[in-house]
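The lines below spell out each chain.
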Amino acid sequence: MPDFGPDLVEVFGPSQADGGPELIQLLTPEGERVHHPEFDLDFSAEQLRGFYRDMVLTRRIDTEATALQRHGELGIWAQLLGQEAAQIGAGRALRTQDYVFPTYREHGVAYCRGVDPLNLLGLFRGVDHGAWDPKDFNFGLYTIVIGAQALHATGYAMGIQRDGAVGTGDTERDAAVIAHFGDGASSQGDVNEAFIFAASYNAPVVFFCQNNQWAISEPIERQTRIPLYQRALGFGFPGVRVDGNDVLATYAVTQAALNRAREGSGPTLVEAYTYRMGAHTTTDDPTRYRLSDDVEHWKLKDPIARLEVYLRRNGLVDDGFIDALKQEADELGHHLREGVKALPDPQPLDMFAHVYAEETEELRVQREGYAAYLETFEGAQR
Amino acid sequence: MPDFGPDLVEVFGPSQADGGPELIQLLTPEGERVHHPEFDLDFSAEQLRGFYRDMVLTRRIDTEATALQRHGELGIWAQLLGQEAAQIGAGRALRTQDYVFPTYREHGVAYCRGVDPLNLLGLFRGVDHGAWDPKDFNFGLYTIVIGAQALHATGYAMGIQRDGAVGTGDTERDAAVIAHFGDGASSQGDVNEAFIFAASYNAPVVFFCQNNQWAISEPIERQTRIPLYQRALGFGFPGVRVDGNDVLATYAVTQAALNRAREGSGPTLVEAYTYRMGAHTTTDDPTRYRLSDDVEHWKLKDPIARLEVYLRRNGLVDDGFIDALKQEADELGHHLREGVKALPDPQPLDMFAHVYAEETEELRVQREGYAAYLETFEGAQR
Amino acid sequence: MSTGTTTQKITLAKGLNMGLRKAMEDDPKVLIMGEDVGKLGGVFRITDGLQKDFGEDRVIDSPLAESGIVGTAVGLALRGYRPVVEIQFDGFVYPAYDQIVCQVAKMHYRSKGRSPMPMVIRIPFGGGIGAVEHHSESPEAQFAHTPGLKVVACSNPIDGYWMIQQAIASDDPVIFLEPKRQYHADKADLDEAETPEPLFTSRVVRRGTDATVLAYGPTVKTAMKAAEAAATEGTSLEVIDLRTLSPLDMGPVFESVRRTGRAIITHEAHVNLGIGSEVTARIQEQCFYSLESPVLRVGGFDTPYPASRIEEDYLPDLDRLLDAVDRSLEF
Amino acid sequence: MSTGTTTQKITLAKGLNMGLRKAMEDDPKVLIMGEDVGKLGGVFRITDGLQKDFGEDRVIDSPLAESGIVGTAVGLALRGYRPVVEIQFDGFVYPAYDQIVCQVAKMHYRSKGRSPMPMVIRIPFGGGIGAVEHHSESPEAQFAHTPGLKVVACSNPIDGYWMIQQAIASDDPVIFLEPKRQYHADKADLDEAETPEPLFTSRVVRRGTDATVLAYGPTVKTAMKAAEAAATEGTSLEVIDLRTLSPLDMGPVFESVRRTGRAIITHEAHVNLGIGSEVTARIQEQCFYSLESPVLRVGGFDTPYPASRIEEDYLPDLDRLLDAVDRSLEF
Ligand SMILES: Cc1ncc(C[n+]2csc(CCOP(=O)(O)OP(=O)(O)O)c2C)c(N)n1
Ligand SMILES: Cc1ncc(C[n+]2csc(CCOP(=O)(O)OP(=O)(O)O)c2C)c(N)n1
Ligand SMILES: [Mg+2]
Ligand SMILES: [Mg+2]
């Protein structure tokens, strides 16, 4: 049979792991500030230190959680190592009234929205399916069925339109939605339907795809033969590829896209070009399917290191700052380690709670039946 | 709330009903032969007469079926009036070894493949769900769930690859698949997933979308804000818009796309820009949602009339030919009218046939039970 | 809107249309979404006139993608809207199945009640209209098997009017099944001043003593006709319109079966794992000593829905129902 | 491949892997498709090593779209291939639901037998592995309700080896359920020279006299343990592994229940409209006078699958099963 595979590698391979010429960058892997004709922004020292702090703390959440999983405290953990800039850049570009639809890996965005990371750990520990009230943070629950949330985001954005909270010019009022998903998810019908609905209704939604090059063991070229951001062109709205390991560029590009949405100009696809440095989850073994060379290559592009170089070189941080941050991270780690063990386990009968807004008679009977059954054990070991 | 609708009309409206500058045309609505730098072909007189004959007969199938539905002989009929050129152009570009995945409206393509139109009528009469053997004509069964067949086509094309029947240079062997669907169907996840799979595997499939401007009552701008053929660009393969009322252009473009597929260059999206002159089906009432002006405008672009003008002007047909064809059409009409009434009704127990390749014991029992039950009526009226 | 007690004769289609209109008037958060629901008023005209009166923002013609429709409705519900989704035909609900089963059904649970899903998914269902494939399905069992969803079926114009409003008012997602072949079949007197029965209740629609016939949606009419026919032969059938399929309202059913000792359930869906199997399992569990014969099921056969020229053989009809009644009585 | 009668100890995962390999060796038309089935060998390693040995054209890593996987598999089947699709987890089969229910299930019928669908859809199913949402579902009833599909569940390594080959050899589409928490749980002796029982048969796996316990997939082990425990208290339970859920093989079940007079069925799926409801309905119909107590069902509760820290409460276990046995015996 004809050879229809190998040439794909030319399109995206380690050799192009820098994202190609269309990649928007404001901070190089070497920590050099570069400029961009369209997406440049002035960042204050405070902002830059803030990004750095955010990324360091986010990484700490991730490494603590990974360790806690190893120690049996979590059932599984989806690591974000390497994707800190993409998530902090996107998360910090949001306004309070904006709304986020995350995947299962958006720990950095959750952190930006003020969700206690313990809640994230709880989910992976198995104490519940989501412990925060989305309305408190305008941050939806983690969605595990890949791509499903892209439609939710689009619908929510249609709601914003109906509430007249788009294009009024009032920055406190105009709102946008951001839908997170991965490169793999971009192949799901739901994501593509979301593109269609968003374009058709001109909905104020930003599709934020973290192309971390892998969908578990499948490389990006299985999902697309052209750069992913170009998918948007087929649906009639702009797509843009940003260096997802560059927090400045990610922030600037996401902000621009959110502004477009808020002002009523419709959807944008942002492809944050990044790399999943760790395993897919703690149960995955990436050595089965990818080369360590590739990982090494991406280590040189670390999102935190490059910002640190820049901050230090420009005298924007000193050892005091770094030390204080280290301490803050340690405290966060402590909070997580202690907190996770203290998370109250759900009780058997919790299983029956919240199936419906209005519990049905038959479920009540089932619940009471099980309660009575449990009572027959009265302290005895089941 | 902000105004996010009306500007859509600018993109596609009656004013642009000519399809815009990107439209590939070889024969104008006035019957003038024009040339195209990329897609021109030399057509023999015989070929041209053949196209004409095909379209006239296809239209006859459609009008007879419509009339038969009115007379209660069919439960419903999906009319193709106005789409003859798109279907004949596409159908005639196929080689025997190519395979077609139709919608429910591909009567003209079915005709090209040699399927007796009586079989199509039977389906709409309700005698079965599909009477022909797809393998006999390389023409799949009508698919009613919109878009589903785009994936089947892609999978079939992957099969062709595995059979080594692509890119060998042997014109008897190299095969392609054509997937038909409508403008409305282009919004289905399945169609977009088909684009992704086809691109990913470089499958030899042509996506042939008849953009007849309407999905029942919904105009094309509900599905896309940009010309539909551009959808393909987002998936990394070529898209092209052809005048779907121009049989020559449709033939030329489809042939080129099929050749690309057969030679191993992968998928193409062909948007045949046309118009559904009739109702969606015989149960639809288009006066509820569209302007008769619009229909009038498209009447001037009739696919058959323009070819007839061309043929007559160039002396390629004479009255004898036209009369003979009229008689052929009348005979076809007769065949359909008589044939449909003679179609044997299915028998009650046919319901149980072919549920499985290997009938299950429980179904056998159900079948025999029903047979026994029917026997209790023995001639009596149920 | 009239406030008096005037009644009017309406069809099921009209009842649903009026009910939708009323719900939209009562609550500006109610939206209608679907394919062709706008200018066309839906292929069955159930949303006729609503877009004209409530505008394109509240009666939304969607791109042709059922997962997209339900998925965006989820987002709208999260934003505080109450979407009423129309699926054009029963057989086209499946592309939305994932969104319904994994998102709509689970959002309230997942969020510990913080993200309710007050959504109605209207599905014209069942056969008997001479249609081509996929236009005559009965998908109810699949939804009833899914915790988090509620599933109801209306059977007559008056229920149509009230039940659709009650479903929209419910804070839980409701799969709302409409027997399409009854849309224009019969008329009934609507008195808008009446107080309807609660949504999630079954109802005895005919009293009888010899056996209980359970039905819902399109088969209620069949069951009523069967009861009339049986009466002429001296058999007294009780008929219950289940109305709610999840939750099931088994109280009236148990009460009835304990009295009659016999039960027959009928639906158009395939017998195998249809609603009838659950109802049967519950009856045999709760009425074990009252049953004088096995619970019998009369449903669509376990074949795909056949070509329409033989659909009357597939569909449970008066004769098959009476045959089952006889078998039950003679057991 | 060995031709002797040597046996080897294998897990369920290994049995399935060996069975797939055998099927691919036997028939070049057999393909494997799914997410991560290639280099990774699937997240459960069931396809481990197959891409290496059979190449990328026969073991196909697909884009991440379940409808796409099943839809393209339909096309490949039409071209004469025999695709074996892996759905990564039970909860992710729903995006493919439309293709499965409307296309895979109906193609043979629609085409009057001219377009068979020899496809296997493998689904690791059930809970008990401490996973997050959507990774512990039991969707079997929904497929069993769909005419045109066949549905089987394996429960042990030896069945895994044989049943997967039989399913692949079947010209009908088979939904093939694998109890994921058993993948690596137990080992058993495989003798490749044996002749396996036919695929669509249930099997008495323990003889008993007091009551019949019906199980399939992951609950077979629970049922066996319950039988052992009951035996120590003098109660003799017969255990049947249903193995095939559509069609059901009720012969051995009826025979058993007529002997024992009592039946309890257990599965992880929600009780409401689970396989148990159908099995119950059939038993009460065919064994009416033999039943000494109602058929009881012990299943997953009618809630979404809960957070994993309480999944053991959701799942039917030894105690709940024995409790039902007691209730049955004491009725
Ligand atoms: C519908 C569905 N299919 C399969 C899965 C299993 N799964 C979980 S994550 C994943 C890979 C997703 O890759 P990508 O979208 O690139 O996101 P990433 O994990 O790289 O962040 C898969 C296949 C799922 N969660 N949902
Ligand atoms: C999944 C699905 N949803 C809805 C329908 C009902 N339906 C049949 S045809 C149609 C419109 C299709 O429009 P288009 O794709 O443009 O094709 P056309 O009918 O114009 O040829 C709709 C909504 C369907 N057949 N399948
Ligand atoms: Mg990824
Ligand atoms: Mg159309």
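The structure displayed is predicted, hence computed values, not measured ones.

1. Observations concerning the overall build of chain C
Thinking step 1. Helix and strand counts for chain C come out as 12 helices and 14 strands.
Thinking step 2. Relative to its length of 331 residues, chain C is compact, with a C-alpha radius of gyration of 20 Å against a globular reference of 20 Å.
Thinking step 3. Principal axes of the C-alpha set define a box for chain C whose edges measure 60 × 45 × 40 Å.
Thinking step 4. Taking all 331 residues of chain C together, 73% fall into the buried category.
Thinking step 5. Contacts in chain C between residues at least 24 apart in sequence constitute 81% of all its contacts with a sequence separation of at least 6.
Thinking step 6. A total of about 8900 Å² of accessible surface is found on chain C, and carbon and sulfur atoms cover 48% of it.

2. Brief notes about the pattern of salt bridges
All names here are of chain A.
Thinking step 1. Using the criterion set out here, one finds 102 salt bridges over all chains in the structure.
Thinking step 2. In this structure, D330 engages R60 in a salt bridge whose closest nitrogen and oxygen atoms are separated by 2.8 Å. With D330 in helix α12 (residues 319-342) and R60 in helix α2 (residues 45-70), this residue pair connects regions lying 270 residues apart in the sequence.
Thinking step 3. Here D330 falls in the partly exposed class, since its relative accessible area comes to 29%.
Thinking step 4. With its nearest N and O atoms 2.8 Å apart, the salt bridge here joins E64 to R337. With E64 in helix α2 and R337 in helix α12, this residue pair connects regions lying 273 residues apart in the sequence.
Thinking step 5. Looking at R337, the relative accessible area reads 29%, which means it is partly exposed.
Thinking step 6. What emerges from the salt-bridge pattern is a single network uniting R60, E64, K326, D330 and R337.

3. Some details on the site of ligand 1
Thinking step 1. Around ligand 1 lies a shell of 20 residues, among which Y104(A), R105(A), I144(A), G184(A) and E66(D) are the nearest.
Thinking step 2. More than one chain reaches ligand 1: its neighbouring residues belong to chains A and D.
Thinking step 3. I146(A) places a main-chain nitrogen or oxygen 3.1 Å from a nitrogen atom of ligand 1.
Thinking step 4. When isolated, ligand 1 has an accessible area of 580 Å², and the protein chains bury 96% of it.
Thinking step 5. Of the residues that constitute the shell around ligand 1, the class distribution is 10 nonpolar, 6 polar and 4 charged.

4. Some words on the coordination of the magnesium ion (ligand 3)
Residues and elements named next belong to chain A.
Thinking step 1. Taken together, D183 (OD), N212 (OD1) and W214 (O) make up the protein donors of the magnesium ion (ligand 3), found 2.1 Å from the metal.
Thinking step 2. Mapping the donors of the magnesium ion (ligand 3) onto the primary sequence yields the spacing D-x28-N-x1-W. One end of the pair, D183, is in the loop between β2 (177-182) and α8 (189-201); the other, W214, is in strand β4 (residues 214-215), and 31 residues separate them in sequence. As far as the burial class goes, D183 and W214 line up, both buried.

5. Some points on the coordination of the magnesium ion (ligand 4)
Residues and elements named next belong to chain B.
Thinking step 1. Protein coordination of the magnesium ion (ligand 4) is provided by D183 (OD), N212 (OD1) and W214 (O), with donor distances spanning 2.1 Å.
Thinking step 2. In terms of primary sequence, the donors binding the magnesium ion (ligand 4) are separated according to D-x28-N-x1-W. Of this pair, D183 sits in the loop between β2 (177-182) and α8 (189-201) while N212 sits in the loop between β3 (205-211) and β4 (214-215), and the two are 29 residues apart along the sequence. Note on accessibility: D183 and N212 belong to one class, buried.

6. What about the packing of helix α8 (residues 219-232) of chain C against helix α12 (residues 318-330) of chain C?
Residue and element names in this part refer to chain C.
Thinking step 1. The contact between α8 and α12 brings their axes to 9 Å, and the two run at 60°. Relative to α12, the element α8 lies oblique. Every pair of crossing elements has a handedness; the one defined by α8 and α12 is right-handed. Two secondary-structure elements touch here, α8 through T222, A223, K225, A226, A229 and A230 and α12 through L318, L321 and L322.
Thinking step 2. Split into classes, the residues belonging to the contact of α8 with α12 amount to 7 nonpolar, 1 polar and 1 charged.

7. Here's the deal with the pairing of strand β6 (residues 150-153) of chain C
Residue and element names in this part refer to chain C.
Thinking step 1. Alternating positions in β6 separate into two faces, K150 and V152 on one and V151 and A153 on the other, with burial throughout.
Thinking step 2. Across 4 bridges, the pairing between β6 and strand β7 (residues 174-179) is parallel. Bridging across to β7, K150 finds its partner in V174.
Thinking step 3. With respect to chirality, the unit in which β6 leads through helix α7 (residues 157-169) into the neighbouring parallel β7 is right-handed.
Thinking step 4. In this structure, β6 lies alongside strand β12 (residues 244-246), joined through 2 bridges in antiparallel fashion. For V152, the partnering residue across the bridge sits in β12 and is T244.

8. Here we look at the interface of chain D and chain C
Thinking step 1. Each partner contributes to the interface: chain D provides 50 residues, whereas chain C provides 50 residues.
Thinking step 2. A combined buried area of about 4400 Å² lies between chain D and chain C, and 60% of that area is made up of carbon and sulfur atoms.
Thinking step 3. For the pair chain D and chain C, the interface holds 6 salt bridges.
Thinking step 4. Counting across the chain D and chain C interface gives 23 residue pairs in polar contact (both at pLDDT 80 or more).
Thinking step 5. Mapped onto the side of chain D that touches chain C, the elements with two or more residues apiece are α4 (97-104), α5 (107-110), α6 (140-144), β13 (263-270), α10 (275-286) and β14 (296-300) of chain D.
Thinking step 6. Considering only residue class, the side of chain D that touches chain C consists of 24 nonpolar, 15 polar and 11 charged.

9. Looking at the interface of chain A and chain B
Bring the parts together and some accessible area is lost; that lost area is often taken as the interface size.
Thinking step 1. Contact residues are listed per partner, giving 30 residues for chain A and 30 residues for chain B.
Thinking step 2. A buried area of about 2600 Å², summed over both sides, lies between chain A and chain B, and 60% of it is on carbon and sulfur atoms.
Thinking step 3. Linking chain A with chain B are 0 salt bridges, by the criterion used here.
Thinking step 4. The interface formed by chain A and chain B contains 8 residue pairs in polar contact (both at pLDDT 80 or more).
Thinking step 5. For the side of chain A that touches chain B, the secondary structure elements donating two or more residues are α7 (148-162) and α8 of chain A.
Thinking step 6. Counting residues per element, the side of chain A that touches chain B draws most heavily on α8(A), which supplies 7 residues.
Thinking step 7. Here the side of chain A that touches chain B is composed, by residue class, of 11 nonpolar, 13 polar and 6 charged.

10. Some details on the relation of the copies chain D and chain C
Thinking step 1. For the pair chain D and chain C, the superposition axis carries a translation of 0.0 Å, the fit reaches an RMSD of 0.0 Å, and the rotation angle comes to 180°. Such a turn and shift between the copies fits a two-fold axis.
Thinking step 2. Here 100% of the interface residues in chain D have copies in chain C that are interface residues too; the copies meet face to matching face.

11. Some words on the relation of the copies chain A and chain B
Thinking step 1. Here chain A sits on chain B after a turn of 180° about the axis and a move of 0.0 Å along it, with an RMSD of 0.0 Å.
Thinking step 2. The share of interface residues of chain A whose copies in chain B are also at the interface is 100%, consistent with both copies meeting through the same surface.

12. Things to note about the site of ligand 2
Thinking step 1. Near ligand 2 you find 20 residues, and of these Y104(B), R105(B), I144(B), G184(B) and E66(C) are the closest.
Thinking step 2. Around ligand 2 the close residues trace back to chains B and C.
Thinking step 3. In this structure, a nitrogen atom belonging to ligand 2 sits 3.1 Å away from a main-chain N or O atom of I146(B).
Thinking step 4. Between A185(B) and ligand 2, the recorded distance is 2.8 Å, taken from a backbone N or O atom to an oxygen atom.
Thinking step 5. Relative to its unbound accessible surface of 580 Å², ligand 2 loses 96% to contact with the protein.

13. Comments concerning the domain arrangement of chain C
Residues and elements named next belong to chain C.
Thinking step 1. Domain assignment breaks chain C into domain 1 (8-190) and domain 2 (203-330).
Thinking step 2. Look at where the C-alpha atoms of domain 1 and domain 2 centre, and you get two points 26 Å apart.
Thinking step 3. Across the boundary between the two partners, domain 1 contributes 29 residues, which contact 22 residues of domain 2.
Thinking step 4. Buried surface at the junction of domain 1 and domain 2, summed over both partners, amounts to about 1900 Å²; 48% is from carbon and sulfur atoms.
Thinking step 5. When residues of domain 1 are sorted by the area they lose upon contact with domain 2, E140, S155 and R181 head the list and together hold 21% of the total.
Thinking step 6. Remark: the boundary between domain 1 and domain 2 carries 4 salt bridges.
Thinking step 7. At the boundary of domain 1 and domain 2, one finds 14 residue pairs in polar contact (both at pLDDT 80 or more).
Thinking step 8. Of all the secondary-structure elements, those providing two or more residues to the side of domain 1 that touches domain 2 are α6 (140-144), β6, α7 and β7.
Thinking step 9. Of all the elements, β6 adds the most residues to the side of domain 1 that touches domain 2, at 4 residues.
Thinking step 10. Tallied by class, the residues present in the side of domain 1 that touches domain 2 amount to 14 nonpolar, 9 polar and 6 charged.

Reading guide: rules and limits
- Residues numbered from 1 in each chain as written.
- Chains lettered and ligands numbered in written order.
- Predicted model: local features only at pLDDT ≥ 70, side-chain atom pairs only at ≥ 80, totals over all residues.
- Heavy atoms only, no water.
- Helix = DSSP H or I, 4+ residues; strand = E, 2+ residues; numbered from the N terminus.
- Rg over C-alpha atoms; globule rule 2.2 N^0.38 Å.
- Buried < 20%, exposed > 50% of the residue type's maximum accessible area, 1.4 Å probe, protein only.
- Contact = heavy atoms within 4.5 Å.
- Areas by Shrake-Rupley, 256 points an atom, 1.4 Å probe, with all protein chains shown as cover.
- Salt bridge = Lys/Arg side-chain N within 4 Å of Asp/Glu carboxyl O.
- Near = heavy atom within 4 Å.
- Polar contact = N/O pair within 3.5 Å; in protein donor to acceptor, adjacent residues only side chain to side chain.
- Nonpolar A, V, L, I, M, F, W, Y, C, P; charged D, E, K, R; others polar.
- Donors = N, O, S within 2.8 Å, 3.2 Å for Na, K, Ca; no water.
- Axes fitted to C-alpha atoms, helices over the stretch in contact; angles between N-to-C directions.
- Parallel < 35°, antiparallel > 145°, perpendicular 65-115°, else oblique.
- Left-handed = near helix turned anticlockwise from the far one by under 90°.
- Pairing = 2+ DSSP bridges.
- Right-handed = clockwise from strand over helix to strand, strands pointing away.
- Buried area = accessible area lost by both parts, 1.4 Å probe.
- Least-squares fit on C-alpha atoms with pLDDT ≥ 70 in both.
- Domains from an automatic or database assignment.

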